[in-house]
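Report on the structure
Here is what each chain is made of, one letter per residue.
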Amino acid sequence: MADAEPLAPLTEAIDAGRTLGLDVERADGVRRESRERLGLVPDAYVVAFVGGTGVGKSTLLNALSGSTVSAAGVRRPTTAVPLAWVAADAAEQVAPLLHRLGVDRVATHQQADLRSLVIVDLPDLDSLEPSHRALVESVLPKLDVVAWVTDPEKYADAVLHDDFLREWLPRLERQAIVLNKVDRLDDEARGRVMDDLRGVLARDGRAAGDLPIFPVSAANGAAGTTGLREWLAANVEAKAVIAARLAAAARSAIAELADEVGVLAGATPGRSKEAVEPTPLVPEPARRRAIEGATQEALRVLDLRGVERQAVAATRARARRKGTGPIGLLTSAIYRFSGRQRSVADPAGYLRAWRGRGGLTRAAEQVQRAITDALPGTPPALRGRFAAAGESAGLERRLGEAIDRVVAQRGEVEPPSSRWWPAVGLLQSANTVLLIVAAAWIVLWVIARPEVASYELPIVGPMPAPIVWLAIALIAGYVLARLLSLHAGFLGRRWARRLTGDVRSAVESVVREQAFAPLAEIDAARATILRASARANGSRSET
């Protein structure tokens, strides 16, 4: 990993895994082991010879040393406890590292080119003694380099491949296959065995050309191990070897978490590591349909048409107060104090009373259906939490609370007004005076029969002046009232559209925000794991 903190992506993945309720014990163990290893003897790296009985691990170590370091014989198992082979002047320095590996037996050497190297001869992995195999399995994650030792007779052994290589080849960065006893094969047979071994390794999970294979003849001493020795000596950059091994373990742990949450492990070609995002568990088209459906159902309960009617009625009620005469003021007061205005001309109150017009069950069902449809494709580790996100009662509650906040933000809305309405009110007042005068004149004319002028009207003929002026006052009052109502209706409808448009937008926003809110944390954690995997694998390609 190229990060300043090599374990940063792993830490992020572990935190995200905990958020999702995953079992992160193995990943956390890798992190603990990495921190511990980085703090122990970073200038030495550990190579272990791992193999089955009779493949010549001890003989191989003796050949590299040029002397008898580990006893080899026909009795099995020959190596009962691990043995470390280290440089004499580094023995004290690497003691904490060996203690961590559980290695107590130590043999030393004076070979300068292998000073940074610690070779550990482990017990046979297929030993009849169960503790030997358990020891090998416990030590493997702590090794910097693993040399899998086999021979022409056991290279396809089921224990080696089924129990070890298949699991560990993808998880370890620095590995090699040591094919011992090739001196028993002629050139043609050696070629066939090497080709077959590469095919077996490919089936075990490692590209045939990605893993070095060293044919050796430990029985021939140092001369028979030249290629292996050169490879070991070439890995003198101990810190790089250790960092690569720890990075491989971290990548493997992150990949396991990524697989659990159903995201593609590794960097996505053509995209920056920061821009990597997983495919949502609920596909985007399904989300959009669910949000649109839930919004429509929520708006149906809010009844925006009813809100518009209330808004227009509230505007007309305000127009009556400002643009009417004494009689209109009286009827307007009766309209208010009787409670009629609050019931038919109060858009804010009508909005606040939305719960009395129905529930949000149908809105919640739209979201629940989208989550249920996506459930079969959800990774098993997330299904419980994913299904809980579609729980109807919780969604109804969240949507209801969000809509209540939208309604509360509207406050006591104020209907629009017009500067012309007071002028109309003055005309209405003047017309009321005219109406009163005309009515009084008619009463006087009927009782006292004074001489009054007449007006010649089409079709009707001559009409007394009091009656004509009364008719004029009535017609003028009607026209003024009608004009006031039309203007108020125009302003009210325009205001109602703005009001309901704001409410519609706010409801759409809260439904979009709340519908899949429980999935947001799941999606964010999955994205974190994917980005951690991309960073780990991307930095691998940079090194």
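Heads up: these notes are all about the structure in this document.

Cut-offs applied
Residues numbered from 1 in each chain as written. Predicted model: local features only at pLDDT ≥ 70, side-chain atom pairs only at ≥ 80, totals over all residues. Heavy atoms only, no water. Helix = DSSP H or I, 4+ residues; strand = E, 2+ residues; numbered from the N terminus. Buried < 20%, exposed > 50% of the residue type's maximum accessible area, 1.4 Å probe, protein only. Contact = heavy atoms within 4.5 Å. Areas by Shrake-Rupley, 256 points an atom, 1.4 Å probe, with all protein chains shown as cover. Patch = residues over 30% accessible without salt bridge, like charges linked within 9 Å, V, L, I, M, F, W, Y side chains within 5 Å. Salt bridge = Lys/Arg side-chain N within 4 Å of Asp/Glu carboxyl O. Core = buried A, V, L, I, M, F, W, Y, C linked by side-chain atoms within 4.5 Å. Arc of directions from axis to C-beta.

**A few points about the overall build of the chain**
In terms of helices and strands, the chain carries 20 helices and nine strands. Looking at the chain as a whole, 49% of its 543 residues qualify as buried. Counted over contacts in the chain with a minimum sequence separation of 6, partners at least 24 positions apart contribute 78%. Of the roughly 26100 Å² of accessible surface on the chain, a fraction of 56% belongs to carbon and sulfur atoms.

**Overview of a nonpolar patch on the surface**
A grouping of Tyr-455, Leu-457, Ile-459, Val-460, Trp-469 and Ile-472 is seen on the molecular surface, where their side chains present a nonpolar patch of about 600 Å² in accessible area. Of all the secondary structure elements, the ones that give two or more residues to the nonpolar patch are strand E8 (454–457) and helix H19 (465–515). Mapped onto the elements, Leu-457 comes out in strand E8. Since its relative accessible area comes to 30%, Leu-457 is described here as partly exposed.

**So, the nonpolar core**
Counting residues in hydrophobic clusters, the biggest one holds 67 residues, and the most contacted among them are Val-282, Leu-302, Phe-516 and Ile-529. By residue number, the principal contributor to this core is H19, which donates nine residues. Once you skip the residues sitting within four places of it in the chain, Ile-529 turns out to touch Ala-13, Ala-16, Gly-17, Leu-20, Ile-254, Leu-257, Ala-258, Val-261 and Val-263. Grouped together as the second largest cluster of nonpolar side chains are 40 residues, Ala-48, Val-146, Ile-177 and Leu-201 included.

**Some points on helix H5 (residues 130–139)**
It helps to recall that an α-helix has 3.6 residues per turn; residues three or four apart then point in one direction. Those residues of H5 not exposed but buried are His-132, Val-136 and Val-139. For H5, the buried positions fall inside an angular range of 75° around the axis, keeping them on one side.

**Details of the pattern of salt bridges**
Applying the stated criterion to the full structure yields 19 salt bridges. For Glu-188, the salt bridge goes to Arg-192, with nearest N and O atoms at 3.2 Å. On the criterion of helical spacing, the pair formed by Glu-188 and Arg-192 is a turn pair, its members being four residues apart in helix H7 (residues 187–203). Glu-188 sits in the exposed class, given a relative accessible area of 59%.

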